[in-house]
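Tertiary structure, described
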Amino acid sequence: MRPVFNAFKFAERQLADLDAQLLKRKLRLTESPCNTSVMVDRRNLKAFCSNDYLGLANHPRLVKALGIGAEQYGVGSGASHLISGHSLAHDLLEKKLASFQSAHIPNARALFFSTGYLANLAAITGLARLAESGEASIYSAQLNHASIIDGVRLACAQTKATLTLFDHQNLDSLTAHLKKDIRPLKLIMLDGVFSMDGDLAPVQELVAIAEEYDALLVLDDAHGFGVLGEHGHGILEHFNVLSERIIYIGTLGKAAGVSGAFICGPSTFIEWLIQKGRPYIYSTATPPAIAHTVLESLALIAGDEGKQRRRHLDHLISIWNQEMQFSQWIKVFSTTPIQPIILGSNKHALLAAQLLDEAGFWIPAIRPPTVPVGSARLRITFSANHSIEDLRGLMQTLQRIEGQLLERESDG
Ligand SMILES: *Cc1c(COP(=O)(O)O)cnc(C)c1O
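Residues numbered from 1 in each chain as written. Predicted model: local features only at pLDDT ≥ 70, side-chain atom pairs only at ≥ 80, totals over all residues. Heavy atoms only, no water.

1. Quick look at the site of the ligand
Around the ligand, a shell composed of 13 residues is seen, among which G116, Y117, D220, H223 and K254 lie nearest. Residue D220 places a side-chain N or O atom 2.5 Å away from a nitrogen atom belonging to the ligand. Here H223 contributes a side-chain N or O atom positioned 2.5 Å from an oxygen atom of the ligand. When isolated, the ligand has an accessible area of 380 Å², and the protein chains bury 82% of it. When residues in the shell around the ligand are grouped by element, the largest group, 3 residues, is from helix α5 (residues 116-128). Tallied by class, the residues present in the shell around the ligand amount to 2 nonpolar, 8 polar and 3 charged. (Near = heavy atom within 4 Å. Polar contact = N/O pair within 3.5 Å; in protein donor to acceptor, adjacent residues only side chain to side chain. Areas by Shrake-Rupley, 256 points an atom, 1.4 Å probe, with all protein chains shown as cover. Helix = DSSP H or I, 4+ residues; strand = E, 2+ residues; numbered from the N terminus. Nonpolar A, V, L, I, M, F, W, Y, C, P; charged D, E, K, R; others polar.)

2. Digging into the domain arrangement of the protein
In terms of domain boundaries, the protein breaks down into domain 1 (27-56 + 304-411) and domain 2 (60-302). Here domain 1 and domain 2 have C-alpha centroids that lie 28 Å from each other. Taken together, the contacts link 22 residues of domain 1 with 24 residues of domain 2. In total, about 1,800 Å² of surface goes out of reach between domain 1 and domain 2, with carbon and sulfur atoms giving 60% of it. (Domains from an automatic or database assignment. Contact = heavy atoms within 4.5 Å. Buried area = accessible area lost by both parts, 1.4 Å probe.)

3. Observations concerning the environment of A79
Along the chain, the position of A79 falls in the loop between α2 (60-73) and α3 (81-85). A relative accessible area of 11% means that A79 is categorised as buried. On a C-alpha basis, the gap between A79 and K179 in space is 46 Å, while along the polypeptide they are 100 residues apart. Ignoring sequence-local partners within four residues, the contact set of A79 consists of S84, G85, T284 and A285. (Buried < 20%, exposed > 50% of the residue type's maximum accessible area, 1.4 Å probe, protein only.)

4. Digging into the packing of α5 against helix α6 (residues 146-158)
Their axes nearest at 8 Å, the elements α5 and α6 cross at an angle of 35°. Considering how the two elements wind past one another, α5 and α6 form a crossing that is right-handed. Mapping the contact onto sequence places Y117, N120, L121, I124, T125 and A128 in α5 and S147, I148, D150, G151, V152, L154, A155 and Q158 in α6. Across the contact of α5 with α6, the residue classes break down as 8 nonpolar, 5 polar and 1 charged. (Axes fitted to C-alpha atoms, helices over the stretch in contact; angles between N-to-C directions. Left-handed = near helix turned anticlockwise from the far one by under 90°.)

Have a look at this one:
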């Protein structure tokens, strides 16, 4: 007799568990471009949740550039970069991206990827494989993004690399470990801007530590690129550092408003990745029209409009920080467009998100494993397309629902 087909029994059980723990996520359908007002599930909501910090995702210049790119290059790239997929648009983009970091990384070269997730896998596994004995030592910040965690896991599976976690706000534990570390290659990796808290990696201190202990510093600036620095070049420009020990990863689907990512580092490492980096080699090149559109986005970011957009964003952040310091909500202090409010329990966070939704705001509850257990939150993000009135509307609503939250909670 054939056994009952039950390959998905475990999945069913896990799905039921997620539901019971209030951890089941829900996909919501948008029917309008990413912007500060969005049609979502047939309702128009004010959105404070995207990573489109500069408000470029629906910028007319970028919409037009995508059309022009498609006319010039067609739609698909047809192959991986090393076969026949590497276009002039990719080449121009990589040169421009490298020029953005050239004041901070000597002999910088950039390599474009279709996503930040892929770029992190390529960077981390690639770096770990540079240890001739395979014995790299990886130091990863506790609150790092999932794609860094997965890159480290893959590197540890492929080589004899070891992993040590550290707290990015207390570098003493990091240096204590490094002092005793006799492995031939030491890698320190962290988010430039922490994605769920909005605080910055202490880059100047980290560069000094990398130099003192002969380590490489790998920064994933997914939330800093486009936002930080006078020209929006990111966290290295913000801290004005220069070191041959930095490997920089930027993503292009957040502030840049398009899609993709890049690794920027010393040209020897980049050439090595092109020859040996499996996530680079075995994936079809992103459509050239996308690269063409990102080029247009880089011009916007570094130009006057980008500056104005960053200035407006800073203005929103300072109003928020000033006015929210007196509120009862538990905020994580941040100087970036990522402004979390901690609710603690999943139930509490879901209730707050629901009350905001009823008031016309789209701010989902962020729960474990994206954030540590017991720190479920509203991750509020600002965009340069938010007006000061939008911000005031949000702050007034937050004030109003504070009492409701307590009432509904006591209702059970
Ligand atoms: C979003 C994000 C990524 C992944 O980038 P994608 O281009 O979305 O794949 C990597 N690192 C951090 C810190 C991120 O926030």
